[in-house]
Amino acid sequence: MAEDKGKRDSIGMSMKGGRTNNGFVQNEDILETDPDPGSPEDSPQHNAVDIFGPAEPDLKDVRPYAGMPKEVLFRFSGQARYRVPREILFWLTVASVLVLTGATIGIIAISPKCLDWWQAGPMYRIYPRSFKDSDKDGNGDLKGIQDKLDYITTLNIKTVWITSFYKSSLKDFRHGVEDFREIDPIFGTMKNFENLVAAIHDKGLKLIIDFIPNHTSDKHAWFQWSRNRTGKYTDYYIWHDCTRANGKTIPPNNWLSVYGNSSWHFDEVRNQCYFHQFTKEQPDLNFRNPDVQEEIKEIIQFWLSKGVDGFSFDAVQFLLEAKHLRDEAQVNKNQIPDTVTHYSELYHDFTTTQVGMHDIVRSFRQTMDQYSREPGRYRFMGIEAHGENIAKTMMYYGLPFIQEADFPFNSYLGKLDMPSGNSVFEVITSWMENMPEGKWPNWMTGGPDNDRLTSRLGKQYVNIMNMLVFTLPGTPITYYGEEIGMRNILATNLNETYDVVQKTQPRSALKLYQELSLLHANELLLSRGWFCYLRNDNHSVVYTRELDGIDRVFLMVLNFGELSPLNLKEMISDIPTRVRIRLSTNSAYKGREVDTHAITLDKGEGLILEYNTRNLLHHQTAFQDRCFVSNRACYSSVLNILYSLC
């Protein structure tokens, strides 16, 4: 009964000549009233749509309204005044998308390669045992490094480089590793290392670690199995028969250890001699054995999976030796062979940089590349090539289409015992002139294998050497403590008061280091600019940093010798008569101006001068042979971008 009543009500409502609701809801509280039969509202011509009528509505006098049905909408949309603007907007949108896409592709095509993290800022090298002792046991440790991360970030460091911390003996700076997958207990635990990695990354820093694949400790499990001829480990090391008579060993040949005397040592367990390029406690691995190469690959993967961002591979020139075991030639052919005991008395043609060695290094690179596929997770690879000449060192950059190291570490400045303008100039130009095109340089003044800079050269050279490495093209590398002029100290005199003293001194070495690192981070002239050298003599080195599109030049004047006057006008004819001092090793001079006709610097004093010019030196014929750049780039001040077509 109720259902029938509902149907009648519905039909009754439909039959009414009601007005169309143009999308606006009427107030439901107002009661519906029936209009008078003769009222205008009841007239049919006022109805917007006749629901039951088949005829289409007359739209002549009707304007678009909200909630119109699609049939009405389609009639309006086809009219020219609505269709034309719509089509114009559509094609403008298409054109804009095409223009933006083309512009994006064009910018990408002409843009130089962005600097990666290992290029963008300085590296800070730490020898953990003497860095910071967190538990007061007399040994620096991983927790100590973590405790100092806030200090490290104040130096504007981008990368922390930690030397060997593997479980090992105390021989040779802990390079005789007993287990490549374990942290030595004096440094902490694997959990301490994992916490350190997380803390470094939380600070926005990267971490690289040392790895010496050439040899292990004689206490390593591999060596113990090898000396007992256990399975595949039998040939993990280089064994050879040797003569043993009256307690004396007659080795297979005259090859010498880096530390002197024969590089062969008799093992009474195996009754053979094993080969060692370094100490007898550090037997060389046999890299001609594929199983050894696979072991090293897995160790690399182990640490990469722990979050390490890169490696410094050391002693790789020793990875292979000649299979024929012939004697190496003596430097002095007249020397009695039995008296040849020092490493420098032989030419090491059969024990270093053998054919196939670079293939092994490239295999390290390939393993690391597998972990570099994630955006922002490129894994860095550096090579320490101690004792190699410049030509052999450059080979570690790889070939034009076959990459090896991102760079071999440049330790030549760290070998200077008596710095002069000429010796510093020679180090700089020998690297820049021999470096393959498009590769990236680096500079370091010390390390754990050398005397500290202050002890080696003198306190007066601390600031000028830091200024040098921060203003040369490439990555500056600081051995911890060089930012404060730390000296050699005895292990029994671990007095670490340098930081506290210099943080409060406005003219300290630390303050200058921070200013230099900040300048390096913020100035394209230093990170991307050309390097042009102007002059060198026994006292000074003068060079510029400049970049197309920037009408400013940095001019470095560094004096390593005695007090000497310089006339910059004679070197650069259009240099202004007075130029501003951007930074000085003497902070009292910062911001002042100097007369370019006559600049006088004391020993160990350096200036970074700044002046405006559009006449850049690398465009001038007279200087083209004296200017270098790793990755050519120009700057557009209008678009605030770098581009390579210049």
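Residues numbered from 1 in each chain as written. Predicted model: local features only at pLDDT ≥ 70, side-chain atom pairs only at ≥ 80, totals over all residues. Heavy atoms only, no water.

1. Concerning a nonpolar patch on the surface
Next, step 1: Together, Val 84, Ile 88, Leu 89 and Leu 92 line one region of the surface with nonpolar side chains, adding up to about 370 Å² of accessible area.
Next, step 2: Take Val 84: it is sitting in helix α3 (residues 80-110).
Next, step 3: The class of Val 84 is partly exposed, set by a relative accessible area of 36%. (Patch = residues over 30% accessible without salt bridge, like charges linked within 9 Å, V, L, I, M, F, W, Y side chains within 5 Å. Areas by Shrake-Rupley, 256 points an atom, 1.4 Å probe, with all protein chains shown as cover. Salt bridge = Lys/Arg side-chain N within 4 Å of Asp/Glu carboxyl O. Helix = DSSP H or I, 4+ residues; strand = E, 2+ residues; numbered from the N terminus. Buried < 20%, exposed > 50% of the residue type's maximum accessible area, 1.4 Å probe, protein only.)

2. Looking at the UniProt feature "transmembrane region" (unreviewed entry) in the chain
Next, step 1: Feature annotation in UniProt assigns "transmembrane region" (unreviewed entry) to the following positions: residues 88-110.
Next, step 2: A distance of 32 Å separates the end C-alpha atoms of residues 88-110, which is 100% helix and 0% strand. (UniProt positions renumbered as here; feature names shortened; annotations may be inferred.)

3. Considering the pattern of salt bridges
Next, step 1: Following the criterion strictly, the structure yields 24 salt bridges and no others.
Next, step 2: Here Asp 267 and Arg 227 are joined by a salt bridge, their closest N and O atoms 2.5 Å apart. With a gap of 40 residues between them, Asp 267 in strand β9 (residues 264-267) and Arg 227 in helix α8 (residues 221-227) connect regions that are remote in the sequence. For the residue pair Asp 267 and Arg 227, the accessibility class agrees, reading buried in each case.
Next, step 3: If you follow the salt bridges from partner to partner, you end up with Glu 523, Arg 552, Arg 580, Arg 582 and Glu 610 in one network.

4. Notes on the environment of Gly 458
Next, step 1: Tracing the backbone shows Gly 458 in the loop between α13 (453-457) and α14 (462-471).
Next, step 2: Exposure remark for Gly 458: the relative accessible area of 15% places this residue in the buried category.
Next, step 3: A sequence separation of 29 residues divides Gly 458 from Arg 487, and the C-alpha atoms of the two residues are 9.2 Å apart.

5. A look at the sheet that holds strand β6 (residues 239-240)
Next, step 1: Pairing in this open sheet of three strands is antiparallel, and the strands run β6-β10-β9 from one edge to the other. Of all the strands in the sheet, the pair left with one neighbour each is β6 and β9.
Next, step 2: In this sheet, strand β10 (residues 272-275) lies alongside β6 in antiparallel orientation, the contact comprising two bridges. Paired with Trp 239 across the bridge in β10 is Tyr 274. (Pairing = 2+ DSSP bridges.)

6. Section: empty space enclosed by the protein
Next, step 1: In this structure the tally under the stated criterion is seven cavities of 30 Å³ or more.
Next, step 2: In this structure, the largest cavity encloses a volume near 100 Å³.
Next, step 3: Contributing to the lining of the largest cavity are 14 residues, with Glu 384, His 386, Phe 409, Ser 411 and Met 444 lying nearest its centre.
Next, step 4: A per-class count over the lining of the largest cavity returns four nonpolar, six polar and four charged. (1 Å grid on protein atoms, 1.4 Å probe; cavity = no way out; pocket = protein on both sides within 12 Å on 5 of 7 lines; lining within 4 Å. Points joined across faces, edges and corners; volume = space filled by probe spheres on them. Nonpolar A, V, L, I, M, F, W, Y, C, P; charged D, E, K, R; others polar.)

7. Digging into the nonpolar core
Next, step 1: Counting residues in hydrophobic clusters, the biggest one holds 124 residues, and the most contacted among them are Ile 152, Phe 193, Trp 303, Phe 311, Phe 313 and Leu 468.
Next, step 2: Excluding its chain neighbours within four sequence positions, the residues that come into contact with Ile 152 are Tyr 124, Ile 126, Phe 131, Ile 157, Val 160 and Leu 205. (Core = buried A, V, L, I, M, F, W, Y, C linked by side-chain atoms within 4.5 Å. Contact = heavy atoms within 4.5 Å.)

8. What to know about the state of the cysteines
Next, step 1: Counted under the stated rule, the structure contains two disulfides.
Next, step 2: Paired by a disulfide, Cys 242 and Cys 273 hold their sulfur atoms 2.0 Å apart. Here the disulfide of Cys 242 and Cys 273 is right-handed, its torsion about the S-S bond being about 90°. A residue pair is termed long-range when its members are at least 10 positions apart, and Cys 242 in the loop between β6 and β7 (243-245) and Cys 273 in strand β10 qualify at 31 residues.
Next, step 3: The disulfide that involves Cys 532 links it to Cys 627, with 2.0 Å between the sulfurs. Here Cys 532 and Cys 627 share a disulfide; its torsion about the S-S bond, 115°, makes the bridge right-handed. Residue Cys 532 is found in strand β18 (residues 530-536), and its partner Cys 627 is found in strand β26 (residues 627-628); the two are separated by 95 residues along the sequence. In this pair, the class of Cys 532 matches that of Cys 627, namely buried. (Disulfide = S-S within 2.5 Å.)

9. Remarks on the side chain of Asp 548
Next, step 1: Inspection of the secondary structure assignment puts Asp 548 in the loop between β19 (540-546) and β20 (552-559).
Next, step 2: One buried charged residue, Asp 548, remains without a salt bridge, the closest side chain of opposite sign being Arg 632 at 5.7 Å. (Lys, Arg positive; Asp, Glu negative; His and termini not counted.)

10. Structural notes on the environment of Thr 393
Next, step 1: Structurally, the position occupied by Thr 393 is in helix α11 (residues 390-394).
Next, step 2: Judged by relative accessible area, which is 1%, Thr 393 ranks as buried.
Next, step 3: Spatially, the C-alpha atom of Thr 393 lies 8.8 Å from that of Asn 410, the residues being 17 residues apart in sequence.
Next, step 4: The residues contacting Thr 393, other than those within four sequence positions of it, are Ala 385, Glu 388, Pro 408, Tyr 412 and Trp 431.
Next, step 5: Within polar-contact distance, the side chain of Thr 393 engages the backbone oxygen of Asn 389 at 2.9 Å. (Polar contact = N/O pair within 3.5 Å; in protein donor to acceptor, adjacent residues only side chain to side chain.)

11. Description of the packing of α14 against helix α16 (residues 509-522)
Next, step 1: Two elements in contact, α14 and α16, have axes separated by 10 Å at closest approach and are oriented at 10°. As summarised for this structure, α14 and α16 are arranged roughly parallel, according to the angle between their axes. On α16, the residues that touch Val 462, Asn 463, Asn 466, Met 467 and Phe 470 of α14 are Ala 509, Leu 512, Tyr 513, Leu 516, Ser 517 and His 520.
Next, step 2: For the contact of α14 with α16, the class distribution of residues is seven nonpolar, four polar and no charged. (Axes fitted to C-alpha atoms, helices over the stretch in contact; angles between N-to-C directions. Parallel < 35°, antiparallel > 145°, perpendicular 65-115°, else oblique.)

12. Focus on the packing of helix α9 (residues 290-305) against helix α10 (residues 357-369)
Next, step 1: Where α9 meets α10, the axes come as close as 10 Å, and the angle between the chain directions of the two elements is 35°. Classified by chirality, the crossing of α10 by α9 is right-handed. Contact residues: α9 offers Gln 293, Ile 296, Lys 297, Ile 300, Gln 301 and Leu 304, while α10 offers Ile 360, Phe 364, Thr 367 and Met 368.
Next, step 2: Class assignment for the residues of the contact of α9 with α10 results in six nonpolar, three polar and one charged. (Left-handed = near helix turned anticlockwise from the far one by under 90°.)

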